[in-house]
Amino acid sequence: MRYSAAKILWQGLTGNRGWKSVWREPQPKSEYDIIVVGGGGHGLATAYYLAKKFGHKNIAVLEKGWIGSGNVGRNTTIIRSNYLLPGNGPFYEMSMKLWENLEQELNYNAMVSQRGVVYLSHSDAQRDTLARRGNAMRLAGADAVLLDEAEVRKNFPYFDYDNARFPITGGLLQPRGGTARHDGVVWGYARAADQLGVDIIQNCEVTNFLIDNGVCSGVETSRGVIKAKKTAVCVAGSSSKVMAKANMRLPIESHVLQAYVTEGLKPVIPGVVVFGAGHFYISQSDKGGLVFGGDVDGYNTYAQRGGMPVLEHSCEGGVALMPMISRARVLRTWGGLVDMSMDGSPFIDKTAISGLYFNGGWCYGGFKATPASGYCYAHLIAKDTYHPNAAAYRLDRYLSGRMLDERGVGAQPNLH
Ligand SMILES: Cc1cc2nc3c(=O)[nH]c(=O)nc-3n(C[C@H](O)[C@H](O)[C@H](O)COP(=O)(O)OP(=O)(O)OC[C@H]3O[C@@H](n4cnc5c(N)ncnc54)[C@H](O)[C@@H]3O)c2cc1C
């Protein structure tokens, strides 16, 4: 069923009885050409592009919970391509271009809203760093505008400019950055993949791999053995646990990252704002809630809920930047499992085990990567060659010293 304004009108007039399920609930087959492990945004995007762009038909996505239960339904919805390093910039800009046409391509309202992302500077040195980043972005084909203090003030008159502990000296704006409705994205990919014949199997946990003589021929699951010529893992925060079953130790730590939303307020924040003197970022949802977040909780965990100290720290950043936020009431908080890599950059790679592929290490920035990650992973699985925009995301980069450390903080995942 194609969605359109005419369809909504017709269904509205006829009691909304004609809507069909958004995707099927098939039983797992005993064998597929390709199995994607993990039905998050990246896994479903991979399955969609495998079917749509690379002509594969016999694909299953195995999800241990329900579609949208992982990070893809828990993130703060920010999309941007304001990256510095050559290994990252073209990849995230490719993603941004895919976002710009995503809703037409999937025929699904993912509420992609390009209202701009601003990173603030609080010293001259920090403004120089943002200028350098803006130049790198433009070289990678992205858009970037350096704002002075007066321009920031014009757009955000309610920030604390005159008595602030961290005075605002300017900002770097990416006008094409913004937000997208996170679960709309995963539902859109799921529906479009299903329409291309991909079997989406929910409540199906992969418990082991079938590996013999260095070749992977499928998986054991909570719903039985499923064979496949190629198995592509894409489980974000569970990467280390799942790949340990293939005897692989990854350069990844899992941390919990929290997000918070306030009661609905009148529109006040036009796009996304990132505070430069602490870890705090904020946007406003269509329902009016201020959606904000900050640091990861600085300990390893597989629990999808965090502690109060990080909430307090995020709120401190918010109040330092815009004191009026102290009067808003926090409605909900939640956490998600983020797969923090040692240099803060991801992996899209083959493994040493033939037929087994790995995608992970997205840290807390993988939502914006969803379309390009799916596309480049599908390219790798289908052709066994790296997509040029994702060629830097190799598992062996620490061996060869080609780290992609965007923030320059070294092997300290909690700081990336
Ligand atoms: C609070 C928070 C805020 C964030 N904000 C942003 C943001 O603003 N912008 C941004 O770009 N990124 C953001 N991120 C990061 C982003 O959400 C993740 O990097 C991205 O969603 C990870 O990819 P995914 O969607 O495939 O992950 P997930 O949705 O987590 O998908 C992985 C799936 O694998 C499944 N799985 C795990 N183990 C197994 C198994 N054994 N068998 C089968 N299935 C399994 C899980 O159930 C899960 O559904 C944020 C993350 C969090 C937690």
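### Structural notes on the overall build of the protein
No. 1: Looking only at helices and strands, the protein features eleven helices and 18 strands.
No. 2: Expected size for 416 residues packed as a compact globule is a radius of gyration near 22 Å; at 21 Å, the protein falls within 12% of this value.
No. 3: Overall, the C-alpha framework of the protein stretches about 65 × 65 × 40 Å when taken along its three principal axes.
No. 4: Put simply, the protein has 416 residues, and 55% of those count as buried.
No. 5: A separation of at least 24 residues holds for 75% of the contacts in the protein among residues at least 6 apart in sequence.
No. 6: Each charge class in the protein was averaged separately, 44 positive and 36 negative side chains, and the resulting centres sit 6 Å apart.

### What to know about a nonpolar patch on the surface
No. 1: Residues M1, I8 and W19 make up a contiguous nonpolar surface patch of roughly 280 Å² in combined accessible area.
No. 2: Here I8 shows up in helix α1 (residues 5-13).

### Focus: the site of the ligand
No. 1: Around the ligand, the surrounding shell holds 36 residues, and the nearest of these are E63, N71, V72, T76 and K368.
No. 2: The backbone of F367 places a nitrogen or oxygen atom 3.0 Å from an oxygen atom of the ligand.
No. 3: Relative to its free-state accessible area of 1,000 Å², the ligand is covered by the protein chains to the extent of 96%.
No. 4: Of all elements in the fold, only α2 (41-52), β12 (252-264) and β16 (330-341) reach the threshold of two or more residues within the shell around the ligand.
No. 5: Among the elements that take part in the shell around the ligand, β12 stands out by supplying three residues, more than any other.

### A short note on the packing of α2 against helix α7 (residues 182-195)
No. 1: Contact geometry of α2 with α7 gives a least axis separation of 9 Å together with a crossing angle of 30°. With respect to α7, the element α2 is oriented roughly parallel. For the pair α2 and α7, the crossing hand works out as left-handed. Here G41, L44, A45, Y48 and Y49 of α2 lie close against α7, whose contacting residues are V186, Y189, A190, A192 and A193.
No. 2: Taken together, the residues of the contact of α2 with α7 break down into nine nonpolar, one polar and no charged.

What counts and how
- Residues numbered from 1 in each chain as written.
- Predicted model: local features only at pLDDT ≥ 70, side-chain atom pairs only at ≥ 80, totals over all residues.
- Heavy atoms only, no water.
- Helix = DSSP H or I, 4+ residues; strand = E, 2+ residues; numbered from the N terminus.
- Rg over C-alpha atoms; globule rule 2.2 N^0.38 Å.
- Buried < 20%, exposed > 50% of the residue type's maximum accessible area, 1.4 Å probe, protein only.
- Contact = heavy atoms within 4.5 Å.
- Lys, Arg positive; Asp, Glu negative; His and termini not counted.
- Charge placed at Lys NZ, Arg CZ, Asp CG, Glu CD.
- Patch = residues over 30% accessible without salt bridge, like charges linked within 9 Å, V, L, I, M, F, W, Y side chains within 5 Å.
- Areas by Shrake-Rupley, 256 points an atom, 1.4 Å probe, with all protein chains shown as cover.
- Salt bridge = Lys/Arg side-chain N within 4 Å of Asp/Glu carboxyl O.
- Near = heavy atom within 4 Å.
- Polar contact = N/O pair within 3.5 Å; in protein donor to acceptor, adjacent residues only side chain to side chain.
- Axes fitted to C-alpha atoms, helices over the stretch in contact; angles between N-to-C directions.
- Parallel < 35°, antiparallel > 145°, perpendicular 65-115°, else oblique.
- Left-handed = near helix turned anticlockwise from the far one by under 90°.
- Nonpolar A, V, L, I, M, F, W, Y, C, P; charged D, E, K, R; others polar.

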